[in-house]
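# Understanding the architecture of this molecule
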Amino acid sequence: MEKNQSCRHVAIIMDGNGRWAKKQNRERTFGHTIGVENVRNIAIRANDLGIEVLTLYAFSTENWKRPLEEVNFLMKLPEIFFKKFMKELMEKNIRIRMIGEWEHVPQDTRDILERAIRETSVNTGMILNFAFNYGGKREIVLAAQKYAQDVRDNGRALELTEDEFTTYLMSGEYPPVDLMIRTSGEQRISNFLLWEMAYAEMMFLDVAWPEFTTDEFEACIRDFMQRDRRYGGVKA
Ligand code: FPP
């Protein structure tokens with residue numbers, strides 16, 4: 001596809017794994033296992049389409065409320081993913097990054113994510129950014145704390161522009177989100193990238209994450225390219 005400069009950052013809420021599995025009389029964890037396969041498929045297609053950053057909501061700060069057994073399984077997903085697909089990610093020149101907090105993340109899960117980030121840091125292609133133990137409000141509060149510290153310790157000026165505040169966010173180095181996709185029917189943003197999605201286009205799809213195809217993903221990107229983004233202005 002012809003590279004569209006304005007579709008630089010795509011964010012996805014990968015919803016519906018559990019419901020999809022239950023519909024087939026399988027355990028919810030089966031949905032997550034197939035969901036992991038689809039992370040690979042969508043990431044490869046996004047990279048082929050020239051997307052610069054793909055941020056995936058893999059584990060929210062609210063997901064700790066799930067039954068312990070499911071939380072433990074979700075913590076194993078990075079290991080399953082990188083064991084299976086690391087070689088391919090390297091071949092495709094994809095960089096792994098993470099936004100979120102390490103606190104409460106089991107050490108072995110943390111080791112696996114940190115290793116993937118380290119090993120792919122030599123790559124120069126698409127950034128596959130996992131939001132893991134991530135919450136949007138929390139990200140903004142942490143940025144405010146960092147800024148306050150900078151004022152107190154380094155004499156940073158009190159005047160602050162939106163662009164300057166952005167640099168204190170975990171995702172501060174990435175372009176703002178252009179397109180947010182949520183699978184599986186719910187129409188909410190669930191504390192995901194609140195600051196970064198201020199002007200994002202939104203697409204809410206009925207299809208569950210495990211069955212969301214790469215062609216449907218590409219259709220979303222094409223649909224995005226047709227949209228008229230005015231950022232609060234009027235059409236020229
Ligand atoms: C939402 O489905 C999905 C999740 C909470 C987890 C999604 C994570 C992945 C698909 C893989 C992550 C991969 C890596 C490498 C970290 P749900 O369980 O909320 O589904 P439901 O709404 O049907 O219950």
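A brief look at the structure comes next.

### Overview of the packing of helix α2 (residues 28-48) against helix α3 (residues 68-91)
- Across the interface, α2 lies against α3 with an axial gap of 10 Å and an inter-helix angle of 35 degrees. Taken as a pair, α2 and α3 cross one another with a handedness that is right-handed. The segment α2 lies against α3, with Arg28, Thr29, His32, Thr33, Val36, Glu37, Val39, Arg40 and Ile44 engaging Glu70, Phe73, Leu74, Leu77, Ile80, Phe81, Lys84, Phe85 and Glu88.
- A class-by-class count of the residues in the contact of α2 with α3 yields nine nonpolar, three polar and six charged.

### Examining the pattern of salt bridges
- Under the counting rule described, the total for this entry stands at 24 salt bridges.
- The salt bridge involving Arg28 is made with Glu70; its shortest N-O contact spans 2.8 Å. Here Glu70 lies in helix α3 and Arg28 lies in helix α2, a separation of 42 residues in the sequence.
- By relative accessible area, Arg28 is classed as partly exposed at 30%.
- Residue classification places Glu70 among the buried positions, given a relative accessible area of 7%.

### Regarding the pairing of strand β3 (residues 95-99)
- Looking at chain direction, β3 and strand β4 (residues 127-134) are connected through five bridges and run parallel. Along β4, the bridge assignment pairs Arg95 with Ile127.
- For the crossover that starts at β3, traverses helix α4 (residues 107-119) and ends in the parallel β4, the hand is left-handed.

Basis of the calculations
- Residue indices follow the written sequence of each chain, beginning from 1 at its first position.
- Only residues with pLDDT of at least 70 are given local features in this predicted model, and only at 80 or more are side-chain atom pairs given and counted; all residues enter the totals for whole chains, interfaces and linings.
- Only heavy atoms go into the side-chain values, all of them from the structure, while hydrogens and water stay out.
- What counts as an axis is a line fitted to C-alpha atoms, over the stretch in contact for a helix, and the angles between N-to-C directions run from 0 to 180 degrees.
- A helix here means a DSSP run of H or I that spans at least four residues, while a strand means a run of E at least two residues long, and both kinds are numbered starting from the N terminus.
- Rotating anticlockwise by less than a right angle from the far helix to the near helix defines a left-handed crossing, while the corresponding clockwise rotation defines a right-handed one.
- Contact definition: two residues touch when any of their heavy atoms are within 4.5 Å.
- The nonpolar class holds Ala, Val, Leu, Ile, Met, Phe, Trp, Tyr, Cys and Pro. Asp, Glu, Lys and Arg form the charged class, and all remaining residues, Gly among them, are polar.
- A carboxyl oxygen of Asp or Glu within 4 Å of a side-chain nitrogen of Lys or Arg is what we treat as a salt bridge.
- Here the term buried applies to any residue with accessible area under 20% of the maximum for its type, exposed to any over 50%, and partly exposed to those in between, with areas from a 1.4 Å probe on protein chains only.
- Strand pairing is assigned whenever DSSP detects at least two bridges linking the two strands.
- Seen with the strands pointing away from the viewer, any crossover whose path from the first strand over the helix to the second strand runs clockwise is right-handed.

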